[in-house]
Amino acid sequence: MSTRRSLDEWLRLQETVHGQGIDLGLARVRSVAERLQLLPYALRTIIVAGTNGKGSTVACLAGLLRAHGLKAGAFTSPHLLRYHERIRLDGADATDGELIGAFEAIDAARGQTTLTFFEYNALAAMWLFRQRRMDFAVLEVGLGGRLDAVNIVDAEAAIVCSIGLDHADWLGTDVEQIGREKAGVFRAGSLAVVADPAMTPSVAAEADRIGARPLRAGSHYTWQVDAAGGRWSFRGAQRFDDLDPPALAGELQYANAAAALATLSGMGVDLKPQAINHALRSLRLPGRFQVVPGPVEWILDVAHNEPAARVLALNLRQRPCAGRTLIVAGILGDKDVAAIAPLLSGAAWRVFLCGIDAPRGLTAAQLAARAPEFARAAQCKDIAAGMRAAAETARPGIASWCAALSSPWHRRWNDSAYTDAVEGPLKERLTGALIVVAVLVIVVPEMLSGPGRSLAPDTSADAGPPVRTYSLELGTTAAPLTQDQSALTPQSAEPPAPPVSAAPKPAPEPVPDPEPAPAAPVAQPPTPQVADVKPAAAPAAPAPRAASKGQWWTQLGSFSSRDNAERLARDLRGKGHAIDVARIRVGGKDLYRVRAGPVASREAAVALQSRLSAAGHKSSLVPP
C-alpha cells in the first residue's frame, strides 16, 4: 500500500523534477494549467510585478479586498518562515493538507512535463484559489513578468511597482530592457498600473503599444502625505482624505497603498474610507522592515538588490536611532555587491560579513574582496555567527536593530546556533525557521551612555539625512550573550577608531570608545574586531548648484540613465521647481541624482516635500 507524501517530501521532490531552478517560459506551465482546466482563469485576477514593492502591494490589495467583504487569494514568494506563507486563502496560510492536495493534482496532470519549483508554487496557488472559490486572485511575479509562470493568466489588472537593475542575466542590462520585460504582464484592454511617477519610460510605452488602459501615478492618480502626522489623502477614480498611514514602515508604502487603491477603484470596487483605514492599520508582512521589540530591538527587511538596499538605508536614517549602527551582511554571488556595499556601509558604524553556504553563496573573504567598503569589516563564518557577534556587541542595556535582506535562496538555519544568537521575542518568532537568505543584514545601533559622535554623511545615491548618534542614560540592563570568538576571522586586537571624515588626512590611531564607569560592575563581553566604515565615495562631479551652509534639499531619486534623470528634472522644472541633476560615482558606476532646492530651513524643505508629494513625487529630506 502506497503512503501519501508529506509536505516536506513534496517540496524536496519539486526541487529536483526539472533540474533547473530558473527556466523562464510559459509553454510547460501553460500546458499543465490547461490539463488542470485552470485556463482561461475564472477568477478576477491582479498581477503585481516590479523590482521592489511587490510583496507590500500584494498584502495591501488582499487586505483592502478582505476589509470590503471580498475573499482574496494572495500568492507571493519567497517565504520567510515557512512555505505556507506563499499561498494565503482569505487571510490565512494554506494548510499542509491543502498544499499536498494541490501538488497531487498537479503531478497527476503534468505527466512527463517537468516543472520548476516556482512553477509548482504558482499552479498550486491558482488551483487552491479556484477550489476555495476566492473572489479575487492576487499573484506576485517571481522573476521579470513576460515569461514568469503567473503570466499564463490574462489579468484584469496588472501593476508594475518599480524598476531597478536586478537579475540582469535574465532580464536585460539596463532599466529600459528590464521595464519592457516586467510590463509583459499588461494586457490589451485591461488596467495597466504604473505605480511610480518616475518609472522608466519603457513601462508606459509598452502599455500604450499593446492597447492597455493606463493608470499612471502622478497623472491618473495622486496622493499627498501630511508631513507632520503621516495621515494622507488619495485622488483618483475615488477621493479619500484623512487616511491612516500604512502599518508597514517606510515612505514608499504610501506609493504601494496608493497603487492598490487606484487599481481596485479602476476595477470598480466600491471602496469605503472606514474599511480602507481598517486594512491599512492591519497590514502585516514578515520581513518588510519588521520591528521585533524587546531589550534588543531587531528589524527584519527582505531587500535583495541595490534599489532595495537604498530604501533600507533611507528607512534606517528616517527612524530615530539613539546610538550607532552595526550591519551584518551576507550576499549571494549574483548580486551587485559593489553597488550594495556603499549604501549599507554609509548607514553603518561597524560591518560584519557572513559566509553563505549555498550554490550561489560567497564566503566572507570573497564578499570583502568585491567591495572596498567591506575590505576591513569583521569576517564571520556564517549568518548565525554574525548574528551572535552583532548581539554580543549590543552589550547590556543596548538597543539593537536587525535588518535581514534576502533573495530567492532557501536554507534552514542551524537551530541551536540561531537560538544562542538571539534572545526574547525574536527567538520565539524565528527559531528553526525556514528562511530566505541571500543578503542578510543585522543592524545594531548601540545606545551609548557616553557622548555620541555624528557619522560621516552618506554621499551615495539617494543619500537621506545623515546617520547621527545620541547620548542616552541607560537603565536596567539585560545579561550579555555569549560570543563564539572562533566564528570571527582574526583581525587587529585594537578596538576600532571612530569614522573619519572624507578629507584626505592621516587616520587617527584606534582608540576605544569613552564610556563612564557603570553604576554597578557589569561584565563586558569582548567586542568583535571590526574596522571603521569608510565614507562613501565623493561625487565624481559637483552639483551645478551647491547649497550654502545650513541649506536643505529634497532628493527625488538617482538614475543610472542620465536621460531618465533629465526627463524627470525637465518635468519638475516645467512645474516651477528648482531642480538639480548631479553626477556621482557609486560602486564604480555613474548615477545621476535629482534634487529639488536648496532651501534655507527644514520647515521650507518639508513644505517643498509636501508640494512634490501632492504632484505624486516621492522625495526624502537631505539636511545640511
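In this text the structure is predicted, and so the values were computed from the model without any measurement.

## Some remarks on the overall build of the chain
Broken down by element type, the chain carries 18 helices and 23 strands. Per-residue burial for the chain yields a buried fraction of 57% across its 624 residues. Counting contacts in the chain only where the partners sit at least 6 residues apart, residues at least 24 apart contribute 76% of the total. Carbon and sulfur atoms provide 52% of the accessible area of the chain, an area that totals close to 24900 Å².

## Topic: the nonpolar core
Of all hydrophobic cores here, the largest spans 61 residues; its most connected members are Phe103, Phe129 and Phe186. Ranked by residues supplied to this core, first place goes to helix α5 (residues 117–131) with 11 residues. Dropping the residues within four chain positions of it, Phe186 is found in contact with Ala158, Val160, Ala192, Val193, Val203, Ala207, Ile210 and Ala212. Core analysis: the second largest hydrophobic core is formed by 46 residues, Ile159, Cys161, Leu215 and Ile276 among them.

## With respect to helix α3 (residues 54–67)
Helix length check: α3 (14 residues) gives 20 Å between terminal C-alpha atoms against 20 Å at 1.5 Å per residue, within 8%. Three or more residues of α3 are buried, namely Lys54, Gly55, Ser56, Thr57, Val58, Ala59, Cys60, Leu61, Ala62, Gly63, Leu64 and Leu65. Here the buried face of α3 lies against β1 (44–49), β2 (72–75), β5 (136–140), β6 (157–160), α9 (252–266) and α10 (273–282). The positive-phi residue at the C-terminal boundary of α3 is Gly69, with phi of around 80°.

## A few points about unusual backbone geometry
Between Ser77 and the following residue, Pro78, the backbone shows a cis peptide bond with an omega angle of -10°. Following the sequence through the fold, Pro78 ends up in the loop between β2 and β3 (87–89). At the junction of Gly597 and Pro598, the peptide bond is cis and its omega measures out at 5° in the coordinates. As for its placement among the helices and strands, Pro598 is situated in strand β22 (residues 589–599). Although it is not a glycine, Gln37 adopts a positive phi angle of roughly 60°. You can see Gln37 is positioned in the loop between α2 (27–35) and β1.

## Quick word on the pairing of strand β11 (residues 239–243)
In the sheet, strand β10 (residues 232–235) pairs with β11 via 3 bridges, with the strands oriented antiparallel. Each residue of the ladder has a partner; that of Arg235, found in β11, is Arg239.

## A look at helix α12 (residues 337–345)
Of all the 9 residues making up α12, 8 are buried; the element is thus mostly covered by neighbouring parts of the structure. All of the buried residues along α12 are Val337, Ala339, Ile340, Ala341, Pro342, Leu343, Leu344 and Ser345.

## Focus on the sheet that holds β11
Within the open sheet, the 3 strands sit side by side as β9-β10-β11. Their pairing is antiparallel. Only two strands of the sheet have a single partner each, and these edge strands are β9 (222–225) and β11. The mean angle between the axes of side-by-side strands here comes to 10°, regardless of whether they run parallel or antiparallel. Along the sheet, α9 makes contact with β9, β10 and β11, crossing β10 at roughly 35°. Set on the sheet, α10 makes contact with β10 and β11; between it and β11 the angle comes to about 50°.

## Some words on the side chain of Gln238
Within the secondary structure, Gln238 sits in the loop between β10 and β11. Of note is the side chain of Gln238, whose polar atom sits 3.0 Å from the side chain of Ser265.

## What about the sheet that holds strand β8 (residues 213–216)?
Taken in spatial order, the 8 strands make up an open sheet running β4-β3-β2-β5-β1-β6-β7-β8, and their pairing is mixed. Every other strand in the sheet has two partners, leaving β4 (92–93) and β8 as the edge strands with one partner each. The strands that α5 touches are β2, β3 and β5; relative to β3, the one it contacts most, it runs at about 5°. Its contacts with the sheet put α9 on β1, β6, β7 (191–194) and β8, and the angle it makes with β7 is roughly 165°.

## Re the pattern of salt bridges
Throughout the structure, instances matching the rule amount to 19 salt bridges. The partner of Arg28 in a salt bridge is Glu119, and the shortest N-O contact between them spans 2.7 Å. Placement of the pair is Arg28 in helix α2 and Glu119 in helix α5, with a sequence separation of 91 residues. You'll find Arg28 and Glu119 in the same group, each marked buried.

## Structural notes on the environment of Thr363
Here Thr363 is to be found in the loop between β15 (350–354) and α13 (364–370). Of the residues examined, Thr363 reaches a relative accessible area of 41% and is grouped as partly exposed. Here the alpha-carbon distance between Thr363 and Leu353, two residues 10 residues apart in the chain, equals 8.5 Å.

## Notes on the environment of Arg231
Tracing the backbone through its elements, the reader meets Arg231 in the loop between β9 and β10. Residue class for Arg231 comes out partly exposed when judged on its relative accessible area of 30%. For the pair Arg231 and Pro245, spaced 14 residues apart in sequence, the C-alpha separation works out to 5.3 Å. Apart from the residues lying within four places of it in its own chain, the contact partners of Arg231 are Gln224, Val225, Asp226, Asp242, Leu243, Asp244, Pro245 and Asn277. Side-chain polar atoms of Arg231 contact the side chain of Asp244, separated by 2.7 Å.

## Notes on the packing of α3 against α9
At their nearest, the axes of α3 and α9 sit 9 Å apart, and the two run at 45° to each other. When the axes of α3 and α9 are compared, the pair comes out oblique. α3 and α9 meet at a crossing whose hand is right-handed. Every residue of α9 that contacts α3 at Ser56, Thr57, Cys60, Leu61, Leu64 and Leu65 is listed here: Gln253, Asn256, Ala257, Ala260, Leu261, Thr263 and Leu264.

## As for the packing of aromatic side chains
With the rule as written, the count across this model stands at 9 aromatic pairs. When the ring of Tyr83 is compared with that of Phe103, the centres are 6.0 Å apart and the planes differ by 65°; the resulting orientation is edge-to-face. Of the two residues, Tyr83 is situated in the loop between β2 and β3 and Phe103 in helix α4 (residues 96–110); the sequence distance between them amounts to 20 residues. A relative accessible area of 2% places Tyr83 in the buried class. Relative to Phe234, the ring of Tyr221 lies with its centre 6.0 Å away and its plane at 35°, an arrangement referred to as tilted. Placement of the pair is Tyr221 in the loop between β8 and β9 and Phe234 in strand β10, with a sequence separation of 13 residues. Among the aromatic residues, those joined into a cluster by ring pairs are Trp10, Tyr83, Phe103, Phe117 and Tyr120. Stacked on the ring of Trp10, the Lys or Arg Arg5 has its end atom at 4.7 Å from the ring centre. Directly above the aromatic system of Trp553 lies the positively charged group of Arg595, at a separation of 3.8 Å from the ring centroid.

About the criteria used
- Starting from 1, residues in each chain are numbered consecutively following that chain's sequence as written.
- At least 70 in pLDDT is required for a residue's local features to be given in this predicted model, at least 80 for side-chain atom pairs to be given and counted, and no such filter applies to totals for whole chains, interfaces and linings, which use all residues.
- Where side-chain values are given, they derive from all heavy atoms of the structure, hydrogens and water being excluded.
- Labels follow the DSSP assignment, with helices taken as runs of H or I lasting at least four residues and strands as runs of E lasting at least two, numbered in each case from the N terminus.
- The buried label applies to any residue whose accessible area, calculated with a 1.4 Å probe on protein chains only, is under 20% of its type's maximum; exposed applies above 50%, and partly exposed to all values in between.
- Whether two residues touch is decided by their heavy atoms; if any such pair falls within 4.5 Å, the residues are in contact.
- Only the protein chains shown count as covering a residue, and every accessible area follows the Shrake-Rupley method with a 1.4 Å probe.
- For our purposes a nonpolar core is just a set of buried Ala, Val, Leu, Ile, Met, Phe, Trp, Tyr and Cys residues, chained together by side-chain atoms within 4.5 Å.
- Any helix carries an expected span of 1.5 Å times its number of residues minus one.
- Note on pairing: DSSP must find at least two bridges between two strands before they are called paired.
- Axis definition: a line fitted to C-alpha atoms, limited for helices to the stretch in contact. Angles are taken between N-to-C directions and run from 0 to 180 degrees.
- Definition of a polar contact: a pair of N or O atoms within 3.5 Å, with one able to donate and the other able to accept a hydrogen when the atoms are protein atoms, and with sequence-neighbouring residues admitted only if both atoms are side-chain atoms.
- Here a salt bridge means any side-chain nitrogen of Lys or Arg lying within 4 Å of a carboxyl oxygen belonging to Asp or Glu.
- Throughout, the term roughly parallel applies to angles under 35 degrees, roughly antiparallel to angles over 145, roughly perpendicular to angles from 65 to 115, and oblique to all others.
- Take the far helix as your reference; a near helix turned counterclockwise from it by less than a right angle gives a left-handed crossing, and one turned clockwise gives a right-handed crossing.
- The criterion for an aromatic pair is that two Phe, Tyr or Trp rings (for Trp, the six-membered ring) have centres within 6.5 Å, with stacked assigned to planes under 30 degrees apart, edge-to-face to planes over 60 apart and tilted to the rest.
- Whether a charge sits over a ring comes down to the Lys NZ or Arg CZ being within 6 Å of the ring centre and within 35 degrees of the ring normal.

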